[in-house]
Amino acid sequence: MDLPLFLASIGAVLSMISNIPQVWKVRHLHSTDDLHSYSILLHMMAAFTWSMYGFFLNLYILGVESFIVFLLNTIIILAIVRDRCIYPKPEV
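This write-up is about the structure you can find in this document. (Residues numbered from 1 in each chain as written. Predicted model: local features only at pLDDT ≥ 70, side-chain atom pairs only at ≥ 80, totals over all residues. Heavy atoms only, no water.)

A short note on the packing of helix H3 (residues 37–56) against helix H4 (residues 60–86)
Working step 1: For the pair H3 and H4, the least separation of the axes is 7 Å and the interaxial angle reads 155°. Overall, the two elements H3 and H4 adopt an arrangement that is roughly antiparallel. The chirality of how H3 crosses H4 is left-handed.
Working step 2: For the contact of H3 with H4, the per-class residue count stands at 17 nonpolar, eight polar and one charged. (Axes fitted to C-alpha atoms, helices over the stretch in contact; angles between N-to-C directions. Helix = DSSP H or I, 4+ residues; strand = E, 2+ residues; numbered from the N terminus. Parallel < 35°, antiparallel > 145°, perpendicular 65-115°, else oblique. Left-handed = near helix turned anticlockwise from the far one by under 90°. Nonpolar A, V, L, I, M, F, W, Y, C, P; charged D, E, K, R; others polar.)

So, a nonpolar patch on the surface
Working step 1: Taken together, the side chains of Leu3, Phe6, Leu7, Ile10, Val13, Leu14, Ile17 and Ile20 present a nonpolar region at the surface, about 740 Å² in accessible area.
Working step 2: In terms of residue count, helix H1 (residues 3–17) provides more of the nonpolar patch than any other element does, seven residues in total.
Working step 3: Within the secondary structure layout, phenylalanine 6 lies in helix H1.
Working step 4: Of the residues examined, phenylalanine 6 reaches a relative accessible area of 41% and is grouped as partly exposed. (Patch = residues over 30% accessible without salt bridge, like charges linked within 9 Å, V, L, I, M, F, W, Y side chains within 5 Å. Areas by Shrake-Rupley, 256 points an atom, 1.4 Å probe, with all protein chains shown as cover. Salt bridge = Lys/Arg side-chain N within 4 Å of Asp/Glu carboxyl O. Buried < 20%, exposed > 50% of the residue type's maximum accessible area, 1.4 Å probe, protein only.)

The structure is reproduced here in structure tokens:
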């Protein structure tokens, strides 16, 4: 394996697993209070854009990795919508 492919693979794995703890945290109801939806949306759009870029240039490591990051951010956004719109905290 050549060095650029090795570095791309390591970067892709690190980028994907960096979102997993946040996805694991938001699986519980009312666990998204400290998340800012705009930053998650921006990260989601950036990941989708990088994914399209990777696929257009046949850079499949970038395309697949970025699409997985996009999906993980989609899960986080859905949890934010769940906590703020569908099941909001009762006012005390």
